[in-house]
Amino acid sequence: MQLHFSPSMRSITISSSNGFIDLMKIKVAARHISYRTLFHTILILAFLLPFVFILTAVVTLEGVNKCSSLDCLGRRLGPRLLGRADDSGQRLVKDFYKILNQVNTEELPDGLKLPDTFSQLVSEMKNKQYDAKTFALMLRAMMEKLERDIRESKFAELMNKHFAASAIPKGIHCLSLRLTDEYSSNAHARKQLPSPELLPLLSDNSFHHMIVSTDNILAASVVVNSAVQSSLQPEKIVFHVITDKKTYAGMHSWFALNPISPAIVEVKGVHQFDWLTRENVPVLEAVESHNGIRSYYHGNHVAGANLSETTPRRFASKLQARSPKYISLLNHLRIYIPELFPNLNKVVFLDDDVVVQRDLSPLWEIDLEGKVNGAVETCRGEDEWVMSKRFRNYFNFSHPLIAKNLNPDECAWAYGMNIFDLSAWRKTNIRETYHSWLKENLKSNLTMWKLGTLPPALIAFKGHVHPIEQSWHMLGLGYQNKTNIDSVQKAAVIHYNGQSKPWLQIGFEHLRPFWTKYVNYSNDFVRNCHILES
């Protein structure tokens, strides 16, 4: 920037080096003008010119350097010099909001061809010169299509997970077949369990009796191994493993060839219990044989379902309720424990998807105060999946029988690790109540509840439950990926209830080691069936 004085001092010219010639010129009149006035004028200009230079630079950086005239530059700089911001950007945003609101209320045109990616959309805008409204319509249509695709993918994922959870892994099926074959060809696999001299201990109430009912040999081995290894008195443990007829030979072979000394293990098939006759369990036979029930649990879980009116979470809950295990006799067998073990007074019942991490002998010392069932309540936590369950979560309170007899706010409790006082149980009508409500639910076409064995048990054991400390039984390891590891390590029994069982590929990787540590991967049968440690 240069300052030029004419020889006569009648004009002062200010020029810049960027091509704007005669940006500012001051002509001095021929009349007298004092040097003091001139000095003050120059001083003021020297003060203002840096600000003019800075504003010019800002405008240039903002892309207005294409202005080729002082008029254009003046329109740009004018509002800034006067302290007013250029509001053209705000007007543009407001106009675009108006277009978006308009497009949001309009119907999308039929047969609208949508680009597959945002890059394609931008390319089409350039080539076809879309106006703002057309762009907004295309963007809305693309987003709605993306939402539909994501929703469909989520439902497909849930269905695939349901099928994976219901299927038997190849390795576990192989294990059962090989052990069954071993039972027929190896006398050691058929040896009596327990040995004859230990038979009296099966009904000795000074021992700690534990019951597990399952057709999963590997899972049963983990339950038994973990309980014995965690016990301070393993020589006091008697395990009663109940299985179905098809799995009995394989289950017997496993525990005959892999004794859990010094604990005692008995393996018994449901066909070996004289009490389990059709006369004693007519309702369960009806549950297993009823065509409508079998279709509900084994049929097409998507047919007839309006996926547009449900959420993925509700759909997941419905799939979980339709697991085929809920019509299995093995799953309902726990309601008949007093009759199946008439000489026992107190037992601990364990599901096959638990791991015992602490000595359970103190459970036999708990005073149940005349109650039948010592269980952890599941309404004391904050998570929505497991520990915040009340009766309303299990029953349909729009059904008149449910609304009349149950309180929706009553606290639920957990199956999976229960201490049962069988002496007190035999004095109740728990079994009859269980059968009665099962019949009513069958009559109502399963409209009173959907989910398996727990709802009728919640009714049958009503008034017979004694809450025990929550640290005895931690649930949800098959539901929640974000399970707190510190809490898992401190729990006496951890329960992989839910679809993500630790023996399945869909199990949570960081929670699986708590289960796999009790699998004997050096066992020949385990290795030959390629059940590998993950």
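This structure is a prediction, so every number in the text was calculated from the model and none was measured.

Conventions we followed
- Residues numbered from 1 in each chain as written.
- Predicted model: local features only at pLDDT ≥ 70, side-chain atom pairs only at ≥ 80, totals over all residues.
- Heavy atoms only, no water.
- Axes fitted to C-alpha atoms, helices over the stretch in contact; angles between N-to-C directions.
- Helix = DSSP H or I, 4+ residues; strand = E, 2+ residues; numbered from the N terminus.
- Parallel < 35°, antiparallel > 145°, perpendicular 65-115°, else oblique.
- Left-handed = near helix turned anticlockwise from the far one by under 90°.
- Contact = heavy atoms within 4.5 Å.
- Nonpolar A, V, L, I, M, F, W, Y, C, P; charged D, E, K, R; others polar.
- Disulfide = S-S within 2.5 Å.
- Buried < 20%, exposed > 50% of the residue type's maximum accessible area, 1.4 Å probe, protein only.
- Expected span 1.5 Å × (residues − 1).
- Salt bridge = Lys/Arg side-chain N within 4 Å of Asp/Glu carboxyl O.
- Core = buried A, V, L, I, M, F, W, Y, C linked by side-chain atoms within 4.5 Å.
- Phe/Tyr/Trp six-rings, centres within 6.5 Å; stacked < 30°, edge-to-face > 60°.
- Lys NZ or Arg CZ within 6 Å of the ring centre and 35° of its normal.
- Polar contact = N/O pair within 3.5 Å; in protein donor to acceptor, adjacent residues only side chain to side chain.
- Pairing = 2+ DSSP bridges.

Visitor: What should I look at first to understand the packing of helix α7 (residues 217-230) against helix α8 (residues 245-257) in this one?
Guide: Think of two packed helices as two axes; the pair is described by the angle between the axes and how far apart they sit. Direction vectors running N to C along α7 and α8 enclose 40°, while the axes themselves pass 10 Å from each other. Classified by the angle their axes make, α7 and α8 are oblique. Along this stretch, α7 crosses α8, giving a crossing that reads as right-handed. Mapping the contact onto sequence places Ile217, Ala220, Ser221 and Val224 in α7 and Thr247, Gly250, Met251, Trp254 and Phe255 in α8. A class-by-class count of the residues in the contact of α7 with α8 yields six nonpolar, three polar and no charged.

Visitor: Teacher, can you tell me more about the state of the cysteines here?
Guide: Two cysteines, two sulfur atoms, one covalent bond between them: this is a disulfide. One pass over the full model with this rule turns up two disulfides. Through a disulfide, cysteine 174 is tied to cysteine 529; the S-S separation comes to 2.1 Å. Where cysteine 174 bonds to cysteine 529 through sulfur, the torsion about that S-S bond is close to -75°, and the disulfide is left-handed. Separated by 355 residues along the polypeptide, cysteine 174 in helix α6 (residues 170-185) and cysteine 529 in the segment after α20 (524-528) bring together distant segments of the chain. We classify cysteine 529 as buried; its relative accessible area is 5%. Across the disulfide, cysteine 379 is cross-linked to cysteine 411 (sulfur-sulfur distance 1.9 Å). Every disulfide takes its handedness from the sign of the S-S torsion; for cysteine 379 and cysteine 411 that torsion is -105°, giving left-handed. Of this pair, cysteine 379 sits in the loop between β9 (373-375) and α14 (400-405) while cysteine 411 sits in the loop between α14 and β10 (417-421), and the two are 32 residues apart along the sequence.

Visitor: What is the right way to read α6 from this model?
Guide: One turn of an α-helix holds 3.6 residues; hence residues three or four places apart share an orientation. Between the first and last C-alpha of α6 there are 23 Å, a value that for 16 residues agrees with the 22 Å anticipated at 1.5 Å per step. Looking at α6, one finds that the buried residues are Gly171, Ile172, Cys174, Leu175, Ser176 and Leu179. Buried positions along α6 lie against α7, α8 and α20.

Visitor: What exactly am I supposed to notice about the packing of α6 against α8 here?
Guide: Packing of α6 against α8 leaves a shortest axis separation of 7 Å and a crossing angle of 80°. Taken together, the axes of α6 and α8 lie roughly perpendicular to each other. Where α6 abuts α8, its residues Leu175, Ser176, Leu179, Thr180, Glu182 and Tyr183 lie against Thr247, Tyr248, Ala249, Gly250, His252, Ser253, Trp254 and Leu257. The residue makeup of the contact of α6 with α8, split by class, is seven nonpolar, six polar and one charged.

Visitor: Help me out: how do you make sense of the pattern of salt bridges in this one?
Guide: Charged atoms that come close allow side chains of opposite charge to pair. Per the counting criterion, the structure on display carries 13 salt bridges. Lysine 145 is the salt-bridge partner of aspartate 149, the closest N and O atoms lying 3.2 Å from each other. One end of the pair is aspartate 149 and the other is lysine 145, both in helix α5 (residues 132-166) and four residues apart, which spans about a single turn. With its nearest N and O atoms 3.4 Å apart, the salt bridge here joins arginine 431 to glutamate 339. With arginine 431 in helix α16 (residues 430-443) and glutamate 339 in helix α13 (residues 337-340), this pair connects stretches of sequence that are 92 residues apart. Given a relative accessible area of 24%, glutamate 339 falls into the partly exposed group. It is possible to trace a salt-bridge network through shared partners that takes in Asp215, Asp244 and Lys246.

Visitor: I keep staring at the nonpolar core and nothing clicks. Help me out?
Guide: One broad rule of soluble globular proteins: the nonpolar side chains tend to lie buried together. Core analysis: the largest hydrophobic core is formed by 67 residues, its most contacted members being Phe239 and Phe255. If near-sequence neighbours (up to four positions away) are discounted, phenylalanine 255 is found in contact with Leu193, Ala220, Ser221, Val224, Val241, Ile260, Val265 and Val267. Residues Leu333, Phe349, Leu438 and Phe461 belong to the second largest nonpolar core, which totals 43 residues.

Visitor: What's the story with the packing of aromatic side chains in this structure? I'm lost.
Guide: Any aromatic ring pair is given by two values, namely how distant the centres are and how the planes are angled relative to each other. Per the stated rule, a full pass over the model turns up 11 aromatic pairs. Taken together, a centroid distance of 6.0 Å and an interplanar angle of 90° make the contact between phenylalanine 395 and tryptophan 449 edge-to-face. One end of the pair, phenylalanine 395, is in the loop between β9 and α14; the other, tryptophan 449, is in the loop between α16 and α17 (454-460), and 54 residues separate them in sequence. Here phenylalanine 395 and tryptophan 449 have matching classes, each one buried. A ring pair is formed by phenylalanine 420 and tryptophan 425, whose centres lie 5.1 Å apart and whose planes are at 55°; its orientation type is tilted. For the residue pair phenylalanine 420 and tryptophan 425, the accessibility class agrees, reading buried in each case. Linked through ring pairs, Trp413, Tyr415, Phe420, Trp425 and Phe461 together constitute an aromatic cluster. Taking NZ or CZ as reference, lysine 236 lies 5.0 Å from the ring centre of phenylalanine 207, over its face.

Visitor: What is the right way to look at α7 in this model?
Guide: With 14 residues, α7 extends 20 Å between its outermost C-alpha atoms, agreeing within 8% with the 20 Å of an ideal straight helix rising 1.5 Å per residue. Burial runs high along α7: 13 of the 14 residues are buried. For α7, the N-terminal cap is asparagine 216; the gap from its side-chain oxygen to the backbone nitrogen of leucine 218 is 3.2 Å.

Visitor: Teacher, can you tell me more about the sheet that holds β9 here?
Guide: Within a sheet, neighbouring strands are paired by backbone hydrogen bonds and run either parallel or antiparallel to one another. The mixed open sheet is built from seven strands, whose spatial order is β6-β5-β4-β7-β10-β9-β11. Each end of this open sheet is capped by a strand with a single partner; those strands are β6 (264-269) and β11 (465-467). Geometrically, the sheet is characterised by an average inter-axis angle of 25° between neighbouring strands, direction not taken into account. When β9 meets β11, the two strands line up parallel, connected through three bridges. The partner of alanine 375 across the bridge, within β11, is proline 467. Sheet strands touched by α8: β5 (237-243) and β6. Its angle to β6, the strand with the most contacts, is close to 160°.

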